[in-house]
Amino acid sequence: NAGVTQTPKFRVLKTGQSMTLLCAQDMNHEYMYWYRQDPGMGLRLIHYSVGEGTTAKGEVPDGYNVSRLKKQNFLLGLESAAPSQTSVYFCASSHALRGLNTEAFFGQGTRLTVV
Amino acid sequence: LAKTTQPISMDSYEGQEVNITCSHNNIATNDYITWYQQFPSQGPRFIIQGYKTKVTNEVASLFIPADRKSSTLSLPRVSLSDTAVYYCLVGDAADYKLSFGAGTTVTVRA
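Residues numbered from 1 in each chain as written. Chains lettered and ligands numbered in written order. Predicted model: local features only at pLDDT ≥ 70, side-chain atom pairs only at ≥ 80, totals over all residues. Heavy atoms only, no water.

**Student:** Quick one: what's the story with the overall build of chain A, residue by residue and with numbers?
**Tutor:** Looking only at helices and strands, chain A features zero helices and 11 strands. Ordered by position from N to C terminus, the α and β elements of chain A give β-β-β-β-β-β-β-β-β-β-β. Scaling as 2.2 N^0.38, a compact globule of 115 residues should have a C-alpha radius of gyration of about 13 Å, and chain A matches this with 14 Å. Counting across all 115 residues of chain A, residues that qualify as buried make up 46%. Put simply, of all contacts in chain A between residues at least 6 apart along the chain, 55% involve residues at least 24 apart. Element-wise, carbon and sulfur atoms account for 52% of the exposed surface of chain A, whose accessible area totals about 5600 Å². (Helix = DSSP H or I, 4+ residues; strand = E, 2+ residues; numbered from the N terminus. Rg over C-alpha atoms; globule rule 2.2 N^0.38 Å. Buried < 20%, exposed > 50% of the residue type's maximum accessible area, 1.4 Å probe, protein only. Contact = heavy atoms within 4.5 Å. Areas by Shrake-Rupley, 256 points an atom, 1.4 Å probe, with all protein chains shown as cover.)

What follows is the structure, encoded as C-alpha cells:
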C-alpha cells in the first residue's frame, strides 16, 4: 500500500532556482494539503485542494504555487527559492471531512535546503 | 476554526499513563476533536477522534466532558517508542483545512 508518496525526499537548491515537489496518493481522496514544518514548530498549511482543478491558499502561501490537474496528484512549486523556504514539506490527503473517522494521511516529507 | 491550547511539553517514564489536555473554549456544535502523533522525521499519524464522552481504540483513549470545552488524550502505559509530538485539532467538515498548532512534545524516559 503506497498511500501518500512525496518526490523527492531531499533537495538542495540555490537561491533563485525553481523546483516542483510532487505528491501522489492512491486512496482516491478528494482533499490534499501541503504543509511546511520548521525546526521545533508545528505544521503550517501552505495550500490545499478540495478537488481536481481547485486549489486554495492556506496560512503561508506566499512564494509557492500549486496545481491539482489530476485527482491523485498535488504539485507544489517554488518559482524563485529563498533561504527562508528551507524547511521540511509534508503532503497529506483525506476523504472529504464529513463526520467521524475521517483521517488525513501524510507522506514522509521532503527536506528542502535553500543555500 | 476553534483555537486550541495544549502544553508545550510533558515528561513521563515507561509504564506510566500520560494525559494531555487540550483546551478549546470556542468549539462549535459541529466540531470534532482529533489527535495526531508525529515521530521525528515522519509525517503526523491519526490517533483518535471524538465528538463527546469517551472514545477508546487500541492506541489511546479520548475523554471529552459534557461542555466540550476541553479534551484529554490518555496514553496508557507508555513506552520509549511513544516519545513524539501530539497535536490536538478541532474542526468540522465545512472547514476543509487541517490546522496544526505547536503540539505537545511527550518525552518518555526509561
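There's more to say after this.
**Student:** Which residues make up the overall build of chain B, and what values do they have?
**Tutor:** Counting its secondary structure elements, chain B contains zero helices and nine strands. Ordered by position from the N terminus, the helices and strands of chain B form the series β-β-β-β-β-β-β-β-β. Against the compact-globule benchmark of 13 Å for 110 residues, chain B has a radius of gyration of 13 Å, which places it among compact chains. Over its C-alpha atoms, taken along the principal directions, chain B stretches across nearly 40 × 30 × 25 Å. Looking at the 110 residues of chain B, the share that counts as buried comes to 45%. In chain B, of all internal contacts separated by at least 6 residues, the share reaching a separation of at least 24 is 57%. Here chain B carries 9 positive and 9 negative side-chain charges, and the mean point of each set is 3 Å from the other. (Lys, Arg positive; Asp, Glu negative; His and termini not counted. Charge placed at Lys NZ, Arg CZ, Asp CG, Glu CD.)

**Student:** Go over the packing of aromatic side chains with me, naming the residues and quoting the values.
**Tutor:** The final tally for this structure, using the stated rule, is 10 aromatic pairs over all chains. Summarising the aromatic geometry, the rings of Tyr64(A) and Tyr89(A) are spaced 5.9 Å apart at their centres and angled 65° between planes, so their arrangement reads as edge-to-face. Residue Tyr64(A) is located in strand 7 (residues 64–67), and its partner Tyr89(A) is located in strand 9 (residues 87–94); the two are separated by 25 residues in the primary sequence. Here Tyr36(B) and Phe100(B) contribute two aromatic rings whose centre-to-centre distance is 5.5 Å and whose plane-to-plane angle is 65°, an arrangement assigned as edge-to-face. Here Tyr36(B) is found in strand 3 (residues 32–38), whereas its partner Phe100(B) is found in the loop between strand 8 (84–91) and strand 9 (104–109), with 64 residues between them in sequence. For Tyr36(B), a relative accessible area of 1% corresponds to the buried category. Phe100(B) sits in the buried class, given a relative accessible area of 6%. (Phe/Tyr/Trp six-rings, centres within 6.5 Å; stacked < 30°, edge-to-face > 60°.)

**Student:** Could you give me a rundown of the pairing of strand 6 (residues 54–57) of chain A, with the residues and numbers involved?
**Tutor:** Residue and element names in this part refer to chain A. Inspection of the sheet shows strand 5 (residues 43–51) paired to strand 6 by three bridges, in the antiparallel sense. Bridging from a neighbouring strand, Tyr48 pairs with Ala56 of strand 6. Hairpin geometry of strand 5 and strand 6 is characterised by an intervening segment of two residues between the two adjacent antiparallel strands and by a positive phi of about 85° at Gly53. (Pairing = 2+ DSSP bridges.)

**Student:** Quick rundown of the side chain of Ser94(A)? Include the residues and the values.
**Tutor:** Within the secondary structure layout, Ser94(A) lies in strand 9. If we ignore the near neighbours within four places in the chain, the residues touching Ser94(A) are His29(A), Glu30(A), Tyr31(A), Tyr33(A), Glu103(A) and Ala104(A).

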